Amino acid sequence: MPTTSTESRRQMLLCGVALAMLPRFAWAQAASQSPMVTVWKDPNCGCCKLWVEHLRANGLSVQVRDTGNIGARRRLGVPSGLASCHTAEVAGYVVEGHVPAREIQRLLKEKPDALGLAVPAMPIGSPGMDGPVYGGRKDAYEVLLMTKDGGTRVYQRYP
């Protein structure tokens, strides 16, 4: 059955409105997505895997590179005294070790002039180091802001 000219005009108008709204929808979608966190880790490391799961559970997009992190750590300029078992990069910042997703999100919001964040060593109770094997134990630790000149300052304390 042929469509009437009124129906055709209505369909064309609706298509035009939909096409006009498409760029706004695409922009809103892109704005709502967090930047990609690229993680370098050992393929056999269980705590690194748990840290990646923590990031994803907290709304961060993660790409994992199971190639180890020593090369990435050197390339990204992480001081050896701040080393941990995995290294990440997000939006031009370095994230070294078991940094909570909350602090990564804060970093991305505040955008300080810094190299990035680090949780040196592997404190028990930090994300990824909080599994059942630790029996609920939580050690105090600090998230450090790494400055571009190689220094640090406390970004957040976890008692």
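Residues numbered from 1 in each chain as written. Predicted model: local features only at pLDDT ≥ 70, side-chain atom pairs only at ≥ 80, totals over all residues. Heavy atoms only, no water.

1. A word on the overall build of the protein
Helix and strand counts for the protein stand at four helices and seven strands. Ordered by position from N to C terminus, the α and β elements of the protein give α-β-α-β-α-β-β-α-β-β-β. Contacts spanning at least 24 positions in sequence make up 56% of the contacts within the protein whose residues lie at least 6 apart. Counting only carbon and sulfur atoms, one obtains 57% of the accessible surface of the protein, whose full area is about 9500 Å². (Helix = DSSP H or I, 4+ residues; strand = E, 2+ residues; numbered from the N terminus. Contact = heavy atoms within 4.5 Å. Areas by Shrake-Rupley, 256 points an atom, 1.4 Å probe, with all protein chains shown as cover.)

2. Topic: the nonpolar core
In this structure, Val37, Trp51, Leu55, Ile104 and Val143 are the most contacted members of the largest nonpolar core, which totals 24 residues. At the level of secondary structure, the elements contributing two or more residues to this core comprise strand S1 (36-40), helix H2 (46-57), strand S3 (87-90), strand S4 (93-97), helix H4 (101-110), strand S5 (116-119), strand S6 (141-146) and strand S7 (152-158). No other element matches H4, which puts four residues into this core. Setting aside residues up to four positions removed in sequence, Val37 forms contacts with Leu55, Leu60, Ser61, Val62, Gln63, Ala88, Glu89 and Val90. Trp40, Leu76, Ala118 and Met146 belong to the second largest nonpolar core, which has 10 residues in total. (Core = buried A, V, L, I, M, F, W, Y, C linked by side-chain atoms within 4.5 Å. Buried < 20%, exposed > 50% of the residue type's maximum accessible area, 1.4 Å probe, protein only.)

3. Overview of unusual backbone geometry
With phi around 50°, Lys111 is a residue other than glycine that occupies positive phi space. Along the chain, the position of Lys111 falls in the loop between H4 and S5. Residue Lys111 is classed as exposed on the basis of its relative accessible area, which comes to 58%. A positive phi angle, near 60°, is found at Ala121, a position not held by glycine.

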